[in-house]
Structure formats: C-alpha cells, structure tokens
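Structural description and commentary
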Amino acid sequence: MKKRHWMVPSVFVAVALFVGALIAVAADAPDVITMNSTLWPQRTKANVQFTHKKHAEDYKIACADCHHKYEGGKNVWKQGDPVQKCQECHNEPTIEGEKKLPPEQQKLNLKLAMHGNCQECHKKLKAQNPQSAAPTTCVQCHPKKEGQS
C-alpha cells in the first residue's frame, strides 16, 4: 500500500523534469541564427539572419514546422529531439539548375529545402494578410553584401 503513495509523486517529478528539459532545449537556441552553409565556399547573396526567437515566441511557429526527421513519409521529429544543421541531410549543393535535378536529389538540395520551407510559409502569410511583414523577395532575406550594386 505504501508503494502506491510514492508512485504519483514519482510520476509527477518525472514529468516535471521532462518538461523542464524541453524548455531548456528550446532556450538554448540563439535569438538569431546566421544561415551559413559550408556547401558553398563563395556566395552570390548575403547570408540570411534567421530570427529564431521571433519565429518561435512571437509568431508561434511550431518547432516541427521547420525541424523534421522523416520516417515512412511522416515527420517524426518532436520537440526535445536533437537539432541538426539543415545541410546535414540537405547536402546537395547545386545552386543553378537545381529544379532540373531528379526529384530525390531535389529533396536533398539545400537551396530548394530552405526556399521551399521559408518562402512557402511567407507567401501563405502574405496571401492571408497582405500587410504582413513576412519577406517574399530575395533582398528582404538576403541583404546586399558590401560592395554589391
């Protein structure tokens, strides 16, 4: 009988520790992430400064809307799972003619993955609210590099 009295508090403590760990993992992400891939040693456009904190906290974008791990055609990534850099899986570097790649290679193309995820979301927001600040042009995400005209 005494063993049952300890079960409820033990489960409560375990759940509290798990939730605390999830919060700590989310808090570890920097406020702004420079999208800088080593797949391209030279860039034609400036790196994107991704406002992670704004997207997560202010815009309420679900973590799994960007972070993913597909198994059997479903995203099985959940908050608290390890986060890899996009290029760990999206390691196809083609930046010109990437839409001519075979479909399986297109899925692995970093430029297509980034643009597909970000641009599609931003376009939907603009369609729903034309006054939205969501950037939809190249220069809004990739500001001109110094010395560029």
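Residues numbered from 1 in each chain as written. Predicted model: local features only at pLDDT ≥ 70, side-chain atom pairs only at ≥ 80, totals over all residues. Heavy atoms only, no water.

Looking now at the pattern of salt bridges. All told, the structure shown has four salt bridges when counted by the stated rule. Residue Glu 71 is joined to Lys 69 by a salt bridge in which the shortest nitrogen-to-oxygen separation is 3.4 Å. According to the relative accessible area criterion, Glu 71 is partly exposed, its value standing at 44%. Take Lys 69: its relative accessible area is 45%, and that puts it in the partly exposed class. Put simply, Glu 98 and Lys 111 hold a salt bridge, and the shortest N to O gap is 3.2 Å. Of this pair, Glu 98 sits in the loop between β4 (74-75) and α3 (103-108) while Lys 111 is found in helix α4 (residues 110-128), placing the two residues 13 residues apart along the sequence. Using a relative accessible area of 8% as the deciding quantity, one classes Glu 98 as buried. On the basis of relative accessible area, Lys 111 is assigned to the partly exposed category, the value being 24%. (Salt bridge = Lys/Arg side-chain N within 4 Å of Asp/Glu carboxyl O. Buried < 20%, exposed > 50% of the residue type's maximum accessible area, 1.4 Å probe, protein only. Helix = DSSP H or I, 4+ residues; strand = E, 2+ residues; numbered from the N terminus.)

Between its first and last C-alpha atoms α4 spans 27 Å; for 19 residues at 1.5 Å apiece the expected length is 27 Å, and the two agree. Listed in full, the buried residues belonging to α4 are Leu 110, Leu 112, Ala 113 and His 122. Its buried side turned inward, α4 meets α2 (52-58) and α3. Sitting at the amino-terminal end of α4 is Asn 109, which places a side-chain oxygen 3.1 Å from the backbone nitrogen of Lys 111. (Expected span 1.5 Å × (residues − 1). Contact = heavy atoms within 4.5 Å. Polar contact = N/O pair within 3.5 Å; in protein donor to acceptor, adjacent residues only side chain to side chain.)

The next point concerns the side chain of His 90. Looking at the element boundaries, His 90 is found in the loop between β4 and α3. Residue classification places His 90 among the buried positions, given a relative accessible area of 14%. Within polar-contact distance, the side chain of His 90 engages the side chain of His 68 at 3.3 Å. With sequence-adjacent residues up to four places away left out, His 90 is seen in contact with Leu 39, His 68, Lys 107, Leu 108, Asn 109, Leu 110 and Ala 113.

The phi dihedral of Lys 60 falls on the positive side, at around 60°, and the residue is not glycine. Structurally, the position occupied by Lys 60 is in the loop between α2 and β3 (70-71).

Below, the discussion takes up the environment of Pro 135. Here Pro 135 is to be found in the loop between α4 and α5 (138-141). Its relative accessible area of 22% is what places Pro 135 among the partly exposed residues. Sequence separation between Pro 135 and His 122 is 13 residues; the distance between their C-alpha atoms is 6.4 Å. Apart from residues lying up to four places away in sequence, Pro 135 is in contact with His 122, Gln 140 and Cys 141.

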